[in-house]
Amino acid sequence: MTAALNHLHLFVPEIFVASMICIILLVDAYVPKAINALTHQLSQATVIGAALLTLLNQPTETTLLLHNTFVSDSLSVTLKMAMYVLMFGVFVYSRSYLQQRGLLKGEYYVLALCALLGMMVLASAAHFLSLYMGLELMALSIYALVALNRDSAQSSEAAMKYFILGALASGLLLYGISMIYGATGTLELKAVSDVIAEGKAESKLLLLGITFIMVGLAFKLGVVPFHMWVPDIYQGSPTAITLLIASVPKIAGFAMLMRLLVDGMSGLHSTWGDMLIILAVLSMALGNIVAIAQTNIKRMLAYSTISHMGFLSLGMLVGTNEGYAAALFYTLVYALMSLGGFGMIILLSRSGFEAENIEDFKGLNKRSPWYAFMMLILMLSMAGVPPMLGFWAKLAVISQIVNAHMYVLAVMAVLFSVIGMYYYLRIIKYMYFDAPAENSPEIEANTDMRWTLSLNALAVLGLGLFPHTLLQLCQNSL
Amino acid sequence: MNLETLSLIIVLAPLVGAIAAGLLPLSRTAAHRTTISGVFIAFVLSAFVFYQVTILGHAPFADGAYTHTLYQWLSTGGLSFEIGFMVDTLTTTMMVTVTFVSWMVHIYTIGYMKDDEHNWSDDSLGGRNSYQRFFSYISLFTFSMLMLVMSNNFLQLFFGWEAVGLVSYLLIGFWFQRETAVYANMKAFLVNRVGDFGFLLGIAGVLMYFGTLDYQTVFSALANTPDEYTTKTIEIFSGTEWSVITVICILLFIGAMGKSAQVPLHVWLPDSMEGPTPISALIHAATMVTAGIFMVSRMSPLYELSLTASSFILVIGAITALFMGFLGLIQHDIKRVVAYSTLSQLGYMTVALGASAYGAAMFHLMTHAFFKALLFLAAGSVIIAMHHKQDMREMGGLKKYLPITYWTSLIGSLALIGFPGFAGFFSKDAIIHAVHVASDGGQAGATFAYYAVLAGVFITALYSFRMFFLVFHGKEHMDEHTREHLHEPSWVVTYPLIALAIPSVIIGAIALAPMLYGNYFEGAIVMAEGRNAFPAADFHGVLSFVLHGLMLPPVYLAAAGVGLAYFLYGRESAIPGQIKSAFSWLHKLLEEKYFADRFNEIFFAGGSLKLGSFLWRIGDRNIIDGFMVNGSARSVGWFSEKLRYVQSGLLSQYAFAMILGLLFFLVWFVHG
Amino acid sequence: MTSLVFYIFATILIFAAIRVVTVKNPVHASLFLVLAFFTSAGIWLLLEAEFLAITLVLVYVGAVMVLFLFVIMMLDIDHKTLREGFGRYFAIGSFVAVVVLLELYMVFKAKGSDLATTTAKAMAEDVPNTVALGKVLYTDYLYPFELAAMLLLVAMVAAITLTMRPRRSNKYQEPSKQVEVKASDRLKVLKMPAEKAE
């Protein structure tokens, strides 16, 4: 029993978040009018506290605990820190949006923190069961969040679709896991990896398992052809929830890829690498091309997500530590840009008005040059224009592809990036070269939102000028 | 505090000043105080570093190193791009010179830009805060120049190179409401682009053959295995083999030709006088234009391996030194005379580089920085006094109105022409001596260069004193109104003049022994066997150098030039007109600056316009726009429209798509 | 003997599962589902997993399916719309199903007889099934087990968030509001020009 409790300090952040969730639930229920201040502040405190605890309790080496179901290594620390930062931003951006629409309930914070907890579990998963539980914890919370605006038919429909498709994907994932269990006789990722390396497992069964697992993963990432939910859910959810879905879970998605494919099944790299090639190419193609036809910016960003996830898969499929580092870099960068992008949409919307259409960005430069500039940075970064951070992310991935001699893939990646530029630049064109629509009101936002959003966009620019720090961090995490 | 931190502060202090003055809503006083303090800090610390490194001979960084990498900006594919400093005697000399002149110019600017709002139309947005903007720019320039000289790698060198180019562009076109200013800054930018293109190719060459951008690595590779690089050749046109070193050297030098305004890339410098005078002094006389000279000196280990490149440099420099001097003879704009003299002096420095006398080039660079900044600021002082009139034909007899300006100009002019004992005397004589030695050594082009620089001495004296006599002596040609208001400008203008006049006199005598004959540049500059024109044994004290110089032709040529100038412009002022009409074709040739501008306009500008419009018609409009861009855009758009219908919104179809995907994977991978 | 029982259960299970998706009446469909649960509980009993078998019956049949039946009966479903498209998708759906089945068959056929070699370790003989399960749950699988608890919490919170509405039919007084009220909120004094007698 004592052996199970060794290194338990590495598990403290999770315990802290779980405890805070319960406290917030109680506070929200019993402290009157807690919504405006206390719940929000407690949630932020949870995120900050978890960040501090994670920083204080860093593992010196890869450490397995809780009967090999939980792993703590530098990767998990990096991923969790990224999640906290993004979650902090999400809370700041969402607050007034939800308040204006009467959605700012204590449950929002509880569910969001539960999702965070699920993602933290994913980042530290060392066992198929803990991975699956983390996944469901995250997914179930998000399903509920999507339906948060329960009086909106659109939101309910989105939640329903997400729930059913998500359940289907979970089923497929579980089926795959059971196959792997059948082939290897264990559910511990490390042990699975060892069995595969020793060549003891029946290969057909393994292939069957990895195929199902890959489908489950692909669904969570939202890559073609398992992407269908993405645009509908992005568009259907309240923007604040889309913001959440579009940022933090991408880190969790990467965590899943790393834990399942690299930690658990690196021996099957040739198979899942090929699968990722197909998924990546399809995603980049479909995502970039269909995004062009969109008029709704949330939907457009949804397709852009699909293409970015395709790009991320490119980094994974190389199968080297440098490749994973590039993919991690890409993920962090994308999540940061996505946070900023949806933050801008929230900034422009006000009660009774969603800035959902690309046309709502018309003439933003005249109305607010500063935020137009921030959006410019974000869009250029997403398009991959130097010196923005997005450029370095794309460069990192493409250079890994080139190093692996996959030139055709590299050319395709560049080609689709160029196509993708069109719709990002279109937003810039609307902002700078078109006249604003009549009676477009002043931008109103809290001070904390203004500062955080500016900081977010400037980070994309600033880190782009000095990309090495972040890249080094990613390399050190692997 | 260690020197790593100090170096960083030296670079960042002007940058902070520039950002504060440029972006924060500061008042005029606050803006100039901030920037001047920034540059002052940089100067004081530079002087300290100079003392530590050059005088005491300490290595600046840990473990006796002269280079220090501050930050790795990026590493990709085995290449790392870094930001770092190389601080040796060469660097410290430049640092002190740059920061000192810049500091002087900052102070001077307070007076010069005092009434700047008159230069703008009332409704112009540019006129608002133009004072602060100007200070921001010159501080930014100082930062860029420091980045350039302190760099320890080619990437940062290129950054500084481009940054000074950018700031120069901004400053030449500072009064962007004037069409001439806009034309001039565009011209400067475009001509510099030509040079930069060569420069970039040169850097690419270094990267290709050395696999690194770090100076130290390149230099030690050259020092350890020179044969490996000198024997390597590259085929540029089929059938011609070029030595790689020569190609790299010449490409890098093309960059230097752009920045240091060597023929034929000199055309931008005279036009750059459209900018306010302080920047003419700072950028187009003392610092930026010397970047090319500095760069070649820095790359001396590279240039020493290619005599071909050296001769190329020598000839280009000689042409510039002589022929640009001629142009100074017929100018009427006071600043343009100084500008042409700058061109000619840059030619001298380049000649020295070509003769492997890097020390002499740096020596002249330094003395020139002081006296040319002095001359420019004096010209500016005259311009202020004349209410921003620059035509020398409207001046004359200013001696009694502007005594300080008069005497400091005299000092500057004497230094420029090489009056014995003044700063320019030592450096110019040294260059001529070096070329003489090279000519004796049989270097290709050296004999031509020798006679060119000798003739240049005469020309220099002639146009310098022509200007001097026209402006300060003779009849007063200005109108009544101007005459009444003639007086010496305020102390912020005159103090820098005095402060610059002092080194213009003495710096030559002080620096002669260490910089030329001593081991001042040891470790920083490399000279091949037998290329050193100044062995320590030849040195017998400053006085004997002066005495020796009195017996050489340059002194007499200079005296003859001054005499002729006095005769033509001080006494018989009718004669110049007669000469002009007698040699009208020659005058026309000089007036049109050897038709260089016209040629560029017709051949390069016109030719590329024609080529461009041809390519645009055929290539762009039809093939690229019509077929490739619009064609692919249309097909992508079409696809996009079709594909969006796949997204039906029906849950069952979504699920079905997933199952189909799964099925595909199963068939492909499990049984594939 | 065991295998005979197994095949009987298995046949019934497959039959029931097919009927769940093919019968027209949703009430019948859920009853078939109940049957499917029962038979799979029987199969689990054969595998000596008696605790799980009983839990299956208790939880799924006793609670979940009963709830289902209530929901179906309360939601007056139009059977016709429910079955629309069934025919349309039947062909392609069954094609996909057949292919998937074939795939699986081929995989397991290739697997052959050594399926047994990698199965999990056998149940301990001396401890009752329930005890063994409990021991494992609170030791080896403590972490996933705790996570499951969190999951249930989320489910609870989510269900309440999405369904509970403060009842408007409740009539009660809020004294604070009553005290705060001002005359101007209740009473509007209009100024009217006095009519002049002409």
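Residues numbered from 1 in each chain as written. Chains lettered and ligands numbered in written order. Predicted model: local features only at pLDDT ≥ 70, side-chain atom pairs only at ≥ 80, totals over all residues.

## Considering the overall build of chain A
Definition in use: Secondary structure elements follow DSSP: runs of H or I of four or more residues count as helices, runs of E of two or more count as strands, with numbering from the N terminus. The atom set for the radius of gyration is the C-alpha atoms, and the globule formula is 2.2 Å times the number of residues raised to the power 0.38. Residues with at least 20 other C-beta atoms within 10 Å of their own are called buried, those with 12 or fewer are called exposed, and the rest are partly exposed. The C-beta atoms themselves are positioned from the backbone.
The secondary structure content of chain A amounts to 20 helices and two strands. Rg of the C-alpha trace for chain A: 21 Å, near the compact-globule value of 23 Å for 478 residues, within the 12% margin. Taken along its principal axes, the extent of the C-alpha atoms in chain A is 70 × 60 × 40 Å. For chain A, with 478 residues in total, the buried portion stands at 63%.

## Topic: the overall build of chain B
The condition that has to hold: C-beta atoms are placed from the backbone for every residue, and two residues are taken to be in contact when these atoms lie within 7 Å.
Helix and strand content of chain B: 27 helices and four strands. Over its C-alpha trace chain B gives a radius of gyration of 28 Å, about what one expects of a compact globule, namely 26 Å for 672 residues. Expressed along its principal axes, the backbone C-alpha trace of chain B runs to roughly 100 × 65 × 55 Å. Classification of the 672 residues of chain B by burial places 51% in the buried group. Intrachain contacts of chain B at a sequence separation of at least 6 include 79% that bridge at least 24 residues.

## Observations regarding the interface of chain C and chain B
One frequent convention defines the size of an interface as the accessible area lost when the parts assemble. Test applied: Residues are grouped as follows: Ala, Val, Leu, Ile, Met, Phe, Trp, Tyr, Cys and Pro are nonpolar; Asp, Glu, Lys and Arg are charged; every other residue, Gly included, is polar.
Listed as interface residues are six residues of chain C and, on the opposing side, five residues of chain B. Counted by class, the side of chain C that touches chain B contains five nonpolar, no polar and one charged residues.

## Thoughts on helix α6 (residues 179-210) of chain B
Residues and elements named next belong to chain B. So the rule is basically this: Here the expected length of a helix is defined as 1.5 Å per residue gap, with one fewer gap than residues.
Spanning 32 residues, α6 covers 45 Å between terminal C-alpha atoms, matching the ideal 46 Å at 1.5 Å per step. Of the residues making up α6, those classed as buried are A181, A184, N185, K187, A188, V191, N192, G195, F199, G202, I203 and V206. Close packing links the buried residues of α6 with α5 (154-172), α7 (215-224), α9 (244-259) and α10 (268-271). G211 sits one or two positions beyond α6 and adopts a positive phi of about 70 degrees.

## Some points on the packing of helix α14 (residues 307-328) of chain B against helix α15 (residues 334-354) of chain B
Residues and elements named next belong to chain B. Note the threshold: Only the stretch in contact is used when a helix axis is fitted, and all axes are lines through C-alpha atoms; the angle between N-to-C directions ranges over 0 to 180 degrees. For this classification, under 35 degrees means roughly parallel, over 145 means roughly antiparallel, 65 to 115 means roughly perpendicular, and everything else is oblique. Note on convention: the crossing is left-handed when the near helix lies turned anticlockwise from the far helix by less than a right angle, right-handed when the turn is clockwise.
Where α14 meets α15, the axes come as close as 7 Å, and the angle between the chain directions of the two elements is 160 degrees. Here α14 is positioned roughly antiparallel relative to α15, judged by the angle of their axes. Classified by chirality, the crossing of α15 by α14 is left-handed. Grouping the amino acids of the contact of α14 with α15 by side-chain chemistry returns 14 nonpolar, eleven polar and no charged.

## Regarding helix α2 (residues 12-30) of chain A
All names here are of chain A. Threshold: Our arc is simply the arc of the directions from the helix axis toward the C-beta atoms.
Taking 1.5 Å per residue as the helical rise, α2 with its 19 residues ought to reach 27 Å, and the 27 Å between its terminal C-alpha atoms agrees with that figure. All of the buried residues along α2 are P13, E14, V17, M20, I21 and I24. Looking down the long axis of α2, one finds its buried residues gathered within 120 degrees of arc, a one-sided arrangement. Looking at α2, the residues exposed on the side facing more than 90 degrees away from the buried face are S19, C22, I23, L26, A29 and Y30.

## Points about the interface of chain B and chain A
Facing 27 residues of chain B, the contacting portion of chain A comprises 30 residues. Taken together, the elements giving at least two residues each to the side of chain B that touches chain A come down to β1 (67-76), α26 (596-643) and α27 (651-670) of chain B. At twelve residues, the largest contribution of residues to the side of chain B that touches chain A is made by α27 of chain B. Looking at the side of chain B that touches chain A, its residues break down into 16 nonpolar, nine polar and two charged.

## Quick look at the packing of α15 of chain B against helix α16 (residues 358-385) of chain B
All names here are of chain B. Interaxial distance between α15 and α16 falls to 9 Å at its minimum, and their mutual angle equals 175 degrees. The angle between the axes of α15 and α16 places the two elements in the roughly antiparallel class. Residues I334, K335, V338, T342, Q345, Y348, M349, A352 and L353 of α15 form the contact with α16, whose participating residues are Y358, A360, A361, H364, L365, H368, K372, L375, F376, A379 and V382. Looking at the contact of α15 with α16, its residues break down into 14 nonpolar, four polar and two charged.

## Some points on the confidence of the model for chain B
Put simply, the test is: Every residue is assigned a pLDDT by the predictor, reflecting its confidence on a scale from 0 to 100.
Per-residue confidence for chain B gives a mean pLDDT of 82, with 96% of residues at or over 70. Across the assembled chains, the prediction reports ipTM 0.87 with pTM 0.74.

## Brief notes about the confidence of the model for chain A
When pLDDT is averaged along chain A, the result is 87, and 97% of the positions lie at 70 or above. When mean pLDDT is taken per element in chain A, helix α6 (residues 128-146) of chain A scores highest with 93 and helix α1 (residues 2-5) of chain A scores lowest with 55.

## Observations regarding unusual backbone geometry
Of note, the amide linkage connecting V224 of chain A to P225 of chain A takes the cis form, showing an omega dihedral of 5 degrees. Position of P225 of chain A relative to the elements: it lies in the loop between α9 (203-221) and α10 (229-236). Positive phi, normally seen in glycine, also occurs at N68 of chain A, with a value near 60 degrees. The topology assignment puts N68 of chain A in the loop between β1 (63-65) and β2 (70-72). A positive phi is found at A261 of chain B, a non-glycine position, where the angle reads about 55 degrees.

## Notes on the environment of F11 of chain A
All names here are of chain A. Residue placement: F11 occurs in the loop between α1 and α2. According to the C-beta neighbour criterion, F11 is partly exposed, with 18 such atoms within 10 Å. Separated by 113 residues in the primary sequence, F11 and S124 place their C-alpha atoms 9.5 Å from one another. Discounting residues that sit within four places of it in the chain, F11 has contacts with L65, L66 and F70.

## With respect to the environment of L26 of chain A
All names here are of chain A. Summarising the element assignment, L26 is placed in helix α2. Classification of L26 as exposed rests on a count of 11 C-beta atoms within 10 Å. In sequence terms L26 and G106 are 80 residues apart; their C-alpha atoms lie 9.7 Å from each other.

## Overview of the environment of G315 of chain A
All names here are of chain A. Mapped onto the elements of the fold, G315 is located in helix α13 (residues 297-317). As for G315 and P436, which are separated by 121 residues in sequence, their C-alpha atoms are 40 Å apart. What G315 contacts, discounting residues up to four positions off in sequence, is G323, A326, A327, Y330, V397 and Q400.

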